[in-house]
Amino acid sequence: MASHPDRPTHPVSRPSPAGYRELLRTHLAPVLERAAQSTRLPVVACADSVLARDLLASVDLPLFVNSQMDGYAVRSADIAGAGPDSPVRLRVVGTTHAGDGPGPRVDDDEACKVMTGAPVPEGADCVVPVEDTSIGDPADPSGGRPATVLVHAPRAAGEFIRRPGDDVRAGDLVIPAGTRLEARHLAAAASLGESGLDVRPRPRVGVVATGAELVAPGRPLEPGQIWESNSITLAAALKACGCEVTATVISSDDRDDFTAALDHAAGDADLVVTVGAVSMGDAEVVRQVLADREGARFAPVAMQPGGPQGLSSWRDVPVVCLPGNPVSALVSFVVLLRPVILEAVGRVPVPTTRARLSRAVGSPAGKTQYLRGALAAEPSGGDLPGIPTVDPVSGPGSHLVASMARADVLIEVPADETSLAAGDEVAVIPL
Ligand SMILES: Nc1nc2c(c(=O)[nH]1)N[C@H]1C(S)=C(S)[C@@H](COP(=O)(O)OP(=O)(O)OC[C@H]3O[C@@H](n4cnc5c(N)ncnc54)[C@H](O)[C@@H]3O)O[C@H]1N2
Ligand code: MOO
C-alpha cells in the first residue's frame, strides 16, 4: 500500500471527489458561461468541436436529378423488350459529364450518354450502365460518342437515377446541436454548401508545471533531476477534452519565476491549470503564491491519489492547482476536472462502467481510492457472465507513472471499503 502522509488530519473535513467537483463547477462558472456561447468557424476547422445550433438542410440533396452510373440516359419504355439476343437500337443525341449543364432532351428511341454525377436530361427516366450496351453505329470521325447504341437489358423507370431529396430535404434536421463534429458531420455540412458552423468555443487553458528538479525530456540530467511529464500529460488530456492549450510553461520553485509563468499562462486563457507544489514541503511555490488570494481554497480531497488540491485565481482567470505526483496529476484531472470541462464544452460525460476485480486489493479508510486497471478484452465467462474483468496495474503509489501506460481505466474503490476480494464488482472510469 502507499503511504498516506495526510492521514492525521480529519477525513470528515475533506470533500468527496463528487463534492469537490461541485466546488470546481462553481469556481469555473466563468469558463462554463463562456463555453455555453457560440462562435462561427470555417467548416474545415470544426472537427472535434461541438455544434452549438441544430444544422437544418438549406437545400434538397442531391441538388438535381443526376446519373448514378456511367452509361446512357434513356426512356425505360423504349428498352422494355431489350435482351442479350434482342438489343434495342437508340440514336445517341449527346453526352453529359459531371459539371455540365442539362444535356439535350431525350425523346422516343433516343439516348444521351451520361457520366456518374452528370445531370440526367429531360425526357429520360432511367440510366443503362455502359456494361449493358454496345456500340451500334460508330461515331463519325469528329464525334466522341457513337451515333447509335445497342441496349442489351431492360431497366425500370427510376433505375440508376439519383433524385433531389433521396438524401435529405430542405428543412430536415441534419446534425442536432450538441453533436461532437466528426468527419461524417463535416461531409454533410459541406455537401449542403455550409462554409461555416456555429460551434461551442473551446476553453483556452494555460498549463504551468513547477519544480526545480524538472528537465525537458531528451535533455541531460544533473543528479537529482528528472524528466518533466506533467505538462505533457495535462496538455494532451485537455486537448482530448476539446480544450485549446494556449501555453505550457515549466517554472522553477522561485516566486518570481512562478508569477512570470502565471502571467504568461493566464495571458490568453480562460483557465490556468498548475501542477505540483501544493502539499506541505518547503518549496510549495504554488501554495505560497496562490493560497492567500481572495476565494482561494487549498485543502485535501478525500481521495488517493490526488488528495492535495487547490483553487485560486490570477488576473481574474480561475486557477486549478493539481498535485505534482504524475499519477496524482492525471487521476485528479480524470476524476475532478475532466467532468467539468466536458460539461463546459457540451460533450457527454465519460461513462463509468462496471467490472470484476481479477485479484484482491486494499484501500485506505475514508478515502476513495483510484487504482489503475487494465480491462480484459473479453467479458468474464462461466458463472460470472456479462461484465469485463479488470486487472489492477502495478501498485497504488502515485509515482508509478510509467506502469500507468498499461492501464486503460481507473478502478474506483469506495471510501468505506478497506479491501475488496477477487471477483468483487467495481466501478471503472476510462482513462
Ligand atoms: N508532509 C506531507 N507531504 C506530502 C503530502 C502531505 O499531505 N504531507 N502529500 C503527498 C501527496 S498525497 C502528494 S500527491 C504530493 C503532492 O505534492 P506536490 O503537489 O507538492 O508536488 P511536488 O512536491 O511538486 O511533486 C511531487 C512529486 O512529483 C514529481 N513531479 C512534480 N512535478 C512533476 C512534473 N511536472 N513532471 C514529472 N514529475 C513531477 C516530483 O518530482 C515529486 O516526486 O505530496 C506528498 N507529500
Ligand atoms: O497520494 Mo497523493 O494523494 O499521491 O496524490
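Structure: above.
Computed from a predicted structure; not experimentally measured.

## Considerations on the overall build of the chain
Scanning the chain from N- to C-terminus turns up seven helices and 28 strands. For the chain, whose C-alpha radius of gyration is 32 Å, the value lies well above the compact-globule estimate of 22 Å for 431 residues. Taking the principal axes of its C-alpha atoms as reference, the chain extends roughly 95 × 55 × 45 Å. Taken over 431 residues, the chain has a buried fraction of 45%. For the chain, the proportion of contacts with a sequence separation of at least 24, taken over those separated by at least 6, is 71%.

## What to know about the site of ligand 1
Not every one of the 23 residues close to ligand 1 is listed here, only the nearest: E213, E228, S229, S279 and G324. Within the side chain of E228, an N or O atom sits 2.8 Å from a nitrogen atom of ligand 1. For ligand 1, whose accessible area on its own is 870 Å², the fraction buried by protein is 74%. For the shell around ligand 1, the elements supplying multiple residues, two or more each, are β13 (204-210), β15 (226-227) and α7 (326-345). By residue class, the composition of the shell around ligand 1 is eleven nonpolar, eight polar and four charged.

## With respect to helix α3 (residues 183-191)
Among all positions in α3, only H185, L186 and A189 are buried. Down the axis of α3, the buried set is contained in an arc of 95°. They therefore lie on one face. Along α3, the residues that are exposed and aim more than 90 degrees away from the buried face are A183 and R184. Of the residues flanking the end of α3, it is G193, one or two places downstream, whose phi is positive at about 90°.

## Here's the deal with the packing of helix α4 (residues 230-240) against α7
Axis angle and axis distance: for two packed helices, these are the angle between their axes and the distance between the axes, and together they describe the pair. Here α4 crosses α7 at 20°, and the two axes come no closer than 11 Å. Looking at the two axes, α4 sits roughly parallel to α7. For the element pair α4 and α7, the recorded crossing hand is right-handed. Contact residues: N230, T233, L234, A237 and L238 in α4; P326, A329, L330, F333 and I341 in α7.

## Quick word on the side chain of S251
Tracing the chain through its elements places S251 in strand β16 (residues 244-251). A residue is classified by how much of its surface remains accessible, and S251, at 2% relative accessible area, is buried. Within polar-contact distance, the side chain of S251 engages the backbone nitrogen of F258 at 3.5 Å. With sequence-adjacent residues up to four places away left out, S251 is seen in contact with V208, A209, T210, G211, D257, F258 and A261.

## A closer look at the sheet that holds strand β5 (residues 88-96)
Sheet strands pair by backbone hydrogen bonding; their relative direction is either parallel or antiparallel. On the basis of which strands lie adjacent, the open sheet formed by six strands has the order β7-β4-β6-β5-β9-β8 and mixed pairing. Each end of this open sheet is capped by a strand with a single partner; those strands are β7 (126-129) and β8 (133-137). With direction set aside, neighbouring strand axes in the sheet form an average angle of 40°. Note: strand β4 (residues 71-74) against β7, four bridges, orientation antiparallel. By the bridge assignment, A73 is partnered in β7 with V127.

## Observations regarding the site of ligand 2
As a matter of local geometry, ligand 2 sits amid Q304, P305, G306, G307, P308, N325, S328 and S398. Q304 has a polar side-chain atom sitting 3.1 Å from an oxygen atom of ligand 2. By residue class, the composition of the shell around ligand 2 is two nonpolar, six polar and no charged.

## Things to note about the sheet that holds strand β20 (residues 308-314)
Spatially, six strands are ordered β16-β13-β17-β21-β20-β18 in an open sheet, and the strand pairing comes out mixed. The open sheet has two edge strands, β16 and β18 (297-300), and neither has a second partner. Shown here is a sheet whose adjacent strand axes are inclined to one another by a mean of 15°, direction ignored. Pairing between β13 and strand β17 (residues 271-275): five bridges, direction parallel. Within β17, the residue paired with V205 across the bridge is L271. Seen against the sheet, α4 touches β13, β16, β17 and β21 (317-322) and runs at an angle of roughly 170° to β16.

How each quantity is defined
- Residues numbered from 1 in each chain as written.
- Chains lettered and ligands numbered in written order.
- Predicted model: local features only at pLDDT ≥ 70, side-chain atom pairs only at ≥ 80, totals over all residues.
- Heavy atoms only, no water.
- Helix = DSSP H or I, 4+ residues; strand = E, 2+ residues; numbered from the N terminus.
- Rg over C-alpha atoms; globule rule 2.2 N^0.38 Å.
- Buried < 20%, exposed > 50% of the residue type's maximum accessible area, 1.4 Å probe, protein only.
- Contact = heavy atoms within 4.5 Å.
- Near = heavy atom within 4 Å.
- Polar contact = N/O pair within 3.5 Å; in protein donor to acceptor, adjacent residues only side chain to side chain.
- Areas by Shrake-Rupley, 256 points an atom, 1.4 Å probe, with all protein chains shown as cover.
- Nonpolar A, V, L, I, M, F, W, Y, C, P; charged D, E, K, R; others polar.
- Arc of directions from axis to C-beta.
- Axes fitted to C-alpha atoms, helices over the stretch in contact; angles between N-to-C directions.
- Parallel < 35°, antiparallel > 145°, perpendicular 65-115°, else oblique.
- Left-handed = near helix turned anticlockwise from the far one by under 90°.
- Pairing = 2+ DSSP bridges.

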